[in-house]
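# Commentary on secondary and tertiary structure
The residues making up each chain are set out below.
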Amino acid sequence: MHRFKITELGKNAFWLRGTERDHLVRVLRLTPGDKVLGYDNSGMEYTGVILKIEDKSVTCRILSTDHPDVEAHTSVFLVAGLSKGEKMEWVIQKGTEIGMDGLFPLRAKRSVMQLEGSKAQERVARWQKIAAEASKQSHRVKEPQIGEVCNWGDLKNKLPEGTQWLIPYEEEKTRRLTTVLSTFDPDLPIAILIGPEGGFEAAEVARASEELGAQSVSLGPRILRAETAALAALTLVLGHFGDVG
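Residues numbered from 1 in each chain as written. Predicted model: local features only at pLDDT ≥ 70, side-chain atom pairs only at ≥ 80, totals over all residues. Heavy atoms only, no water.

## Considering the environment of I146
Its place among the elements puts I146 in strand β9 (residues 145-146). Since its relative accessible area comes to 8%, I146 is described here as buried. Residues I146 and F77 lie 69 residues apart in sequence; the distance between their C-alpha atoms is 9.9 Å. Apart from residues lying up to four places away in sequence, I146 is in contact with I92, M100, L103, P105, V124, W127, Q128 and A131. (Helix = DSSP H or I, 4+ residues; strand = E, 2+ residues; numbered from the N terminus. Buried < 20%, exposed > 50% of the residue type's maximum accessible area, 1.4 Å probe, protein only. Contact = heavy atoms within 4.5 Å.)

Printed below as a string of structure tokens:
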């Protein structure tokens, strides 16, 4: 069955509007009587049957409700230094498939791309759409939320209270990621700070330690690109707590 993000949920029915309605009608050409799956970002999934197709909405009667165990049990966020080109899009798409809870774009000293004002808002909206499509493709029932482009001083208030911070850093030679994870509480959120092209400056790593309590860790002896490091660290963290592999 095809999956859709629910626009409005009722007791016995749900409605699809906007791009979800248009995709069902114009692309998939579904008709009344066809069954579909709907999710509403609450963690629930609904099997429905199309009752009525109108100009601006599709009405589906709910046949059954489920709570699929597809979301990671440990909440992991990426805080990614702004990178140029399609690198951020790739990290968001693949990070969603792997199981991240959200991503916060960060203005870092070595970020080549700088986003401000309306351009930043437009880019975040595009990134959120990529996360939504990746959620649908990977059969998730909660979309990762893409935060506003932020500065270092914003971070502490952006993540939930009790967040445990990691910062993979190429100059860290002794502290391995797996060693630090053994001290973390899987019931508390984890945020992974990933630098842009060229990585974080030493002063930024020190700031992360002082202001956020972030622990610098090594991902191994090889130098990884920013987008590779983000997905490798995310996979290792979720794997450590049993959500991957």
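## Notes on the sheet that holds strand β1 (residues 3-5)
With mixed pairing, the six strands of this open sheet are ordered in space as β1-β4-β5-β6-β3-β2. Lying at the two open borders of the sheet, with one neighbouring strand each, are β1 and β2 (8-9). By the bridge criterion, two bridges tie β2 to strand β3 (residues 13-17) in an arrangement that is antiparallel. Within β3, the residue paired with E8 across the bridge is W15. Contacting β1, β3, β4 (35-39), β5 (45-53) and β6 (57-66), helix α1 (residues 18-27) crosses the sheet at an angle of about 90° to β3. (Pairing = 2+ DSSP bridges. Axes fitted to C-alpha atoms, helices over the stretch in contact; angles between N-to-C directions.)

## Here's the deal with the packing of helix α2 (residues 87-98) against helix α7 (residues 226-240)
α7 packs onto α2 with a crossing angle of 15° between their chain directions and a minimal axis gap of 9 Å. What the angle tells us is that α2 and α7 run roughly parallel. Crossing geometry of α2 relative to α7 is assigned as right-handed. From α2, K87, W90, V91, K94, G95 and I98 reach across to α7, where they touch E227, A230, L231, L234, T235 and L238. Residues belonging to the contact of α2 with α7 are distributed by class as follows: seven nonpolar, two polar and three charged. (Parallel < 35°, antiparallel > 145°, perpendicular 65-115°, else oblique. Left-handed = near helix turned anticlockwise from the far one by under 90°. Nonpolar A, V, L, I, M, F, W, Y, C, P; charged D, E, K, R; others polar.)

## Overview of the sheet that holds strand β11 (residues 190-194)
The strand order across the open sheet built from six strands is β9-β8-β7-β11-β10-β12, with neighbouring strands paired in parallel fashion. Strands at the two margins of the open sheet, each flanked by one partner only, are β9 and β12 (215-217). Taken together, the three bridges between strand β10 (residues 164-168) and β12 define a ladder with parallel strand orientation. If you follow I167 over to β12, its bridge partner there is S216. Strands β7 (76-81), β8 (102-106) and β9 of the sheet are contacted by α2, whose axis makes an angle of about 160° with β8.

## Looking at unusual backbone geometry
Its identity as a non-glycine residue notwithstanding, R29 has a phi of 55°, on the positive side. Position of R29 relative to the elements: it lies in the loop between α1 and β4. Residue N41 is not a glycine yet carries a positive backbone phi of 70°. Residue classification places N41 among the partly exposed residues on the basis of a relative accessible area of 25%.

## With respect to the pattern of salt bridges
Within this structure, the stated rule accounts for 13 salt bridges. E45 is the salt-bridge partner of R3, the closest N and O atoms lying 3.0 Å from each other. Residue R3 is found in strand β1, and its partner E45 is found in strand β5; the two are separated by 42 residues along the sequence. Of the two residues, R3 and E45, neither departs from the other in class, the shared state being buried. Here R17 ties to E8 by a salt bridge, and the two come within 3.0 Å at their closest N and O atoms. Look at R17 and you get partly exposed, because its relative accessible area is 32%. (Salt bridge = Lys/Arg side-chain N within 4 Å of Asp/Glu carboxyl O.)

## Overview of α7
In a regular helix each residue adds 1.5 Å, so 15 residues correspond to 21 Å; α7 covers 21 Å between its end C-alpha atoms and thus fits that length. When α7 is considered as a whole, its buried residues turn out to be A226, E227, A229, A230, L231, A233, L234, V237 and L238. Of the surrounding secondary structure, the elements contacted by the buried residues of α7 are β7, α2, β10, α5 (177-181) and β11. (Expected span 1.5 Å × (residues − 1).)

Honestly, that's just the spatial picture; any functional story needs more than this.
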